[in-house]
Amino acid sequence: NGRDPILSKARRNKYLQGETVRSAGVRAVGQRLVQNWPEARTFLDQWSRDAQKKNNAYAYPLVVKPVESAGSDDVFKCESSDEVKTAVERICGKVNGLGNINEGALIQEFLRGEEYVVDSVSRDGVHKLIAIWHYDKRYVNQANFVYHGMSLLDGNGFTSTEKEKVLAQKLKQYAFSVLDALKIINGPSHMEVKVDPESLEPCLVEVGARCHGGEGSWSTIARACTGYDQVDATLYAYLDDQKFEQLSSQPPPLIKHGAELFFVSRTSGMIRSIQKATEYISSLPSFAKIEWQLKEGDFAPLTTDCFTRPGSAQLIHTSRDQLAIDCKNIRLLETSSRPAGIPPLLDLEFVCKKPIDRGTVIIVDPYSTGAMLAARVRSHHRKKLLVVHSDPNSPIMNYVAAGTEIRAHGSVMHSNQGCEVTAKDCATAAKGAIVGVLPGAETGVVLADQLADIFATRANPQHLSAARRNKYLMGEAVRKAGVRAVRQAKANNWTQAQGFIKELENQNHAVFPLIVKPIESAGSDDVFKCNSSQEVRQAVERITGKINGLGYLNEGALIQEFLQGDEFVVDAVSRDGIHKITAVWMYDKRSVNGTNFVYFGMQMVDFFGTDKRLTQIAHKLADYSNQVRNALQIFDGPSHMEIKVHPDSLEPCLVEVGARCHGGEGSWLTVADACVGYNQVDVTLDAYLDPDAFDALPLIPNKLSNYGCEVFLVSHHSGIVAETHVDLIRKLRSFAKMELQVQPGSKLKPTIDCFTRPGAVQLIHPDPNVVLADCETIRQLESEGKLFTLEQ
């Protein structure tokens, strides 16, 4: 292409390239080359004045990029002068993706419309159009121009639309005029062009005087769809005159339709496997080839440019529609909300921002069962443990089972300046990669979501975080997803509550009884069953403005329809949207001590037991609870869901769900281990730290190896405990374990919720009749006052 040093550099330097094209009278992008921010600011001032003179409202966005690089390396779309300044300062002096030092930054107008690539080969000034590709670039991972793929444009075939034919001709004519302007008269060229959406007028983005890159993975598609590729044509231009002459200068008609999909990693972490994704993609009708840039054991970064994509797939088919379907199905692999049966693109062992060594797990509010979760991070998985306390004055901070040894490597108190400051404190304390962030208790759910998002670990989507904590938003999110949800309203005062009652009356619904409870609490704290408007009013006024059992101020009350039937709990753990049910429990709640919903206990339900009605309910609960998890986008981590089942239709309806482990200080683990063979706490850690162990578990528990229940002790009296007589319980045939909250000298209160029960007993036996008989014995001891002697 000659020895002219200026033209030679213009075929490489993007600024000179644009100016050379402009000087030839060909449409070129508005631009300025700058070495620093003052130069950029001068250009921006002039650019804004020019835009005003032209009555052009589009002074921004602007594109800022290196003068010489490739693959969307450090290409920024800037919406303000501040963003331009940040981009310029980031680019100048940096070593770019090709290994060269950026000697400045290029600021260009943002070209609107679709982007195309024109691949050509020239010989003695005769240009042959080899292929036109339609680029798919999108915003993802906070990067504006991430390649998602490209498809061949059929601009001269039987299936071509009139618009495609016109577009192909415009692109051909424009591309050839650019080649002439840059004096590219011999060899290959790879030209990126934007096309205005209204006029279809092209404008150069940049051109490379070489073959199309991407390691040539597109060659498979080009050959199958046109019969040859740019590499072949380049060699013809130099080595085979006859074959080159036979090539057309017109856009080639397509024999088949083809596309290359560039994989996009939306989550960073250590790769466990790519096998399932490979098998899935290979099974698609249009599959031709797959190429991975990463392998098992590698660290996969977030995809922000061509250098960080994990691989690509080449798709070819005679049907354009089939090609589009397969492209859509591959994109589903990259999302967290994949349909059942579709694997993740990258099966990550750990989700983390950078390659890890031993790794640290953060537990937010390690109280109740969360204390056991924290303890097992070290004892079962040998990871470093960091605990975070969301509130230094949390009323549940002391709810830790006796003998639970946490032994954290560090402790961080949540900053009142926000979660970003807390995250910095965590990073300092961790001194290494953070591989998981989990809530220990209900109070830690929101902060755990926020920290997991900041540290880019395995996490549930942020936009539904509040709905996984606020019971009103929870119900509405479930309803919006088309899943059965309770009728409800939130009320800050009696007037709002009265409006909901009138609404039910107008809809001819049975109004009473109604449930009134705090919007954010737990453990049956201030849950009222109201049989009249007056009782609803009293409950709303009692709840609103009160500090609840979790230490939060109740900013209103939640009023819900009363759901008929038995109440069940479904405990599960999720990983990448795969939900594993770890246990189903049947609650025993009764009215006592002037309160309607006091926990008396819970029994383990057998999915494959002899009680056919219960087994049917268990399977219905598994299906329904998975729908609720998907509605709330609980794709990773534990969940503890309370559900009512209608006595006639057996239709389930959500009461509430906690995006954390089953509470109760983990006293139920003994029953779960003996009956199921594993428990929710261990499975939660497996989901984050041992995916092979998680994968080995069934979706629902197998037949129970024992029968078990947990009996929650209920006090009918008030006073100071003088003596306990719990040895009577230890003598029972099914006795396994017991936790007492009161000792001699403790104050015994009438039990009205989880916070006032004196203890719990775990019963386990192969014979369910033995378990039931022992349970009744405990109830008799309670009613006769034989468990505790009170001071006179």
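Above: the structure in question.
Residues numbered from 1 in each chain as written. Predicted model: local features only at pLDDT ≥ 70, side-chain atom pairs only at ≥ 80, totals over all residues. Heavy atoms only, no water.

Novice: I keep staring at the overall build of the protein and nothing clicks. Help me out?
Specialist: When you go through the protein residue by residue, the secondary structure sums to 22 helices and 34 strands. Taken over 792 residues, the protein has a buried fraction of 56%. The long-range share in the protein, meaning contacts at least 24 apart out of those at least 6 apart in sequence, stands at 68%. Summed over all atoms, the accessible surface of the protein reaches about 33,700 Å², with 49% contributed by carbon and sulfur. Charge separation in the protein, taken as the distance between the mean sites of 88 positive and 95 negative side-chain charges, equals 2 Å. (Helix = DSSP H or I, 4+ residues; strand = E, 2+ residues; numbered from the N terminus. Buried < 20%, exposed > 50% of the residue type's maximum accessible area, 1.4 Å probe, protein only. Contact = heavy atoms within 4.5 Å. Areas by Shrake-Rupley, 256 points an atom, 1.4 Å probe, with all protein chains shown as cover. Lys, Arg positive; Asp, Glu negative; His and termini not counted. Charge placed at Lys NZ, Arg CZ, Asp CG, Glu CD.)

Novice: Got a minute to help me understand a nonpolar patch on the surface in this structure?
Specialist: Judged by side-chain polarity, Val231, Leu235, Tyr238 and Leu239 come together as a nonpolar surface patch covering roughly 440 Å² of accessible area. As for its position among the elements, Tyr238 is in helix α7 (residues 230–239). (Patch = residues over 30% accessible without salt bridge, like charges linked within 9 Å, V, L, I, M, F, W, Y side chains within 5 Å. Salt bridge = Lys/Arg side-chain N within 4 Å of Asp/Glu carboxyl O.)

Novice: Before we go on, may I ask you to explain the sheet that holds strand β32 (residues 747–748) in this structure?
Specialist: In any sheet, the strands associate via hydrogen bonds between backbone groups, in a parallel or an antiparallel arrangement. The strand order across the open sheet built from three strands is β32-β30-β34, with neighbouring strands paired in antiparallel fashion. In this open sheet, the two edge strands, each paired with only one partner strand, are β32 and β34 (788–790). The sheet contact formed by strand β30 (residues 719–724) and β32 spans two bridges and is antiparallel. Residue Ile720 lies in a different strand from β32, and its bridge partner there is Lys747. (Pairing = 2+ DSSP bridges.)

Novice: Looking at this structure, I do not really get the packing of aromatic side chains. What am I missing?
Specialist: Given two aromatic rings, their pairing is described by the distance between the two centres and the angle made by the two planes. According to the stated counting rule, one finds eight aromatic pairs in the structure shown. A centroid spacing of 6.2 Å and a plane angle of 80° characterise the contact between Tyr599 and Phe712, whose relative ring orientation is edge-to-face. Here Phe712 lies in strand β29 (residues 707–712) and Tyr599 lies in strand β26 (residues 595–604), a separation of 113 residues in the sequence. Ring-pair connections join several aromatic residues into one group, and the members of that group are Tyr135, Tyr147 and Phe262. If you follow Lys128 out to its NZ or CZ, it ends over the ring of Phe244, 5.4 Å from the centre. The cationic tip of Arg309 hangs over the ring face of Phe262; the distance from NZ or CZ to the ring centre is 3.8 Å. (Phe/Tyr/Trp six-rings, centres within 6.5 Å; stacked < 30°, edge-to-face > 60°. Lys NZ or Arg CZ within 6 Å of the ring centre and 35° of its normal.)

Novice: Can you help me understand the pairing of β30 in this one?
Specialist: One face of the sheet, then the other: side chains in a regular strand alternate in exactly this way. Here β30 pairs with β34 via three bridges, running antiparallel. Counted as the bridge partner of Val721 is Leu790 from β34.

Novice: Which parts of the structure should I look at to understand helix α4 (residues 81–91)?
Specialist: Residue pairs spaced three or four apart in an α-helix point in one direction, given the helix's 3.6 residues per turn. Residues of α4 that are buried include every one of Val84, Ala87, Val88 and Ile91, and no others. All buried residues of α4 project into a common sector of 100° when viewed along the axis, lining one side. Exposed residues on α4 whose side chains face more than 90 degrees from its buried face are Asp82 and Thr86. For α4, the elements touching its buried residues are β1 (31–34), α3 (37–53), β2 (62–66), β3 (76–78) and β4 (105–109). Directly after α4, the chain includes Gly93, whose backbone phi takes a positive value near 85°. (Arc of directions from axis to C-beta.)

Novice: In this structure, what is going on with the packing of α3 against α4? I would like to understand it.
Specialist: Helix-helix packing is characterised by the crossing angle of the two axes and by the distance between the axes. Running from N to C, α3 and α4 cross one another at 145°; their axes reach a closest spacing of 10 Å. Here the hand of the crossing between α3 and α4 comes out right-handed. Contact residues: Trp37, Ala40 and Leu44 in α3; Ser81, Val84, Lys85, Val88 and Glu89 in α4. Partitioned by chemical class, the residues of the contact of α3 with α4 number five nonpolar, one polar and two charged. (Axes fitted to C-alpha atoms, helices over the stretch in contact; angles between N-to-C directions. Left-handed = near helix turned anticlockwise from the far one by under 90°. Nonpolar A, V, L, I, M, F, W, Y, C, P; charged D, E, K, R; others polar.)

Novice: Even after reading the chapter, I still don't get the side chain of Gln230, so can you show me in this structure?
Specialist: Assignment of secondary structure puts Gln230 in helix α7. A polar atom in the side chain of Gln230 sits 2.8 Å from the backbone nitrogen of His212. Look past the residues within four positions of Gln230 in its chain and what remains in contact with it is Asp119, Ser120, Val121, Ile130, Pro188, Ser189, Arg210, Cys211, His212 and Trp218. (Polar contact = N/O pair within 3.5 Å; in protein donor to acceptor, adjacent residues only side chain to side chain.)

Novice: Would you mind showing me how to read the nonpolar core here?
Specialist: For soluble globular proteins, the rule of thumb is that nonpolar side chains tend to be buried together. The biggest cluster of nonpolar side chains holds 47 residues, and the ones touching the most others in it are Ile363, Trp585 and Met604. No other element matches the six residues that helix α19 (residues 680–689) contributes to this core. Ranked by size, the runner-up nonpolar core spans 31 residues in total, among them Ala485, Tyr624, Val628 and Leu654. (Core = buried A, V, L, I, M, F, W, Y, C linked by side-chain atoms within 4.5 Å.)

Novice: Would you take a moment to explain helix α22 (residues 768–783) for this structure?
Specialist: Helix length check: α22 (16 residues) gives 23 Å between terminal C-alpha atoms against 22 Å at 1.5 Å per residue, within 8%. Among all positions in α22, only Val770, Val771, Asp774, Cys775, Ile778, Arg779, Leu781 and Glu782 are buried. For α22, the secondary structure elements touched by its buried residues are β25 (578–592), β26, β29, α21 (727–730) and β33 (759–765). N-capping of α22 is provided by Asp767, with a side-chain oxygen placed 2.9 Å from the backbone N of Asn769. (Expected span 1.5 Å × (residues − 1).)

Novice: Which parts of the structure should I look at to understand the pattern of salt bridges?
Specialist: Per the counting criterion, the structure on display carries 44 salt bridges. Taken together, the salt bridges that share partners define one network made up of Arg272, Asp347, Arg458, Arg575, Asp576, Asp636, Asp692 and Asp695.

Novice: Help me out: how do you make sense of the side chain of Glu710 in this one?
Specialist: For Glu710, the position within the fold is in strand β29. For Glu710, the side chain forms a polar contact with the side chain of Gln762, separated by 2.8 Å. Discounting chain neighbours no more than four positions away, the residues touching Glu710 are Phe600, Gly601, Met602, Ser667, Trp668, Ala760, Val761 and Gln762.

Novice: For this particular structure, what's the right way to read the packing of helix α15 (residues 494–506) against helix α16 (residues 533–543)?
Specialist: With their axes 10 Å apart at the nearest point, α15 and α16 run at an angle of 140° to one another. With respect to each other, α15 and α16 are oriented oblique. The handedness of the crossing between α15 and α16 is right-handed. Contacts from Trp494, Ala497 and Ile501 in α15 reach Ser533, Val536, Arg537, Val540 and Glu541 in α16. Partitioned by chemical class, the residues of the contact of α15 with α16 number five nonpolar, one polar and two charged. (Parallel < 35°, antiparallel > 145°, perpendicular 65-115°, else oblique.)

Novice: Got a minute to help me understand the sheet that holds strand β13 (residues 299–300) in this structure?
Specialist: Across the sheet, which stays open at both edges, the three strands sit in the order β13-β11-β15 with antiparallel pairing between neighbours. The open sheet has two free edges, formed respectively by β13 and β15 (347–351), since each of these has just one partner strand. Sheet topology note: the strand β11 (residues 269–273)/β15 ladder contains four bridges and is antiparallel. Residue pairing in the sheet places Met270 in a bridge with Phe350 of β15.

What is shown is where atoms sit, not what they do.
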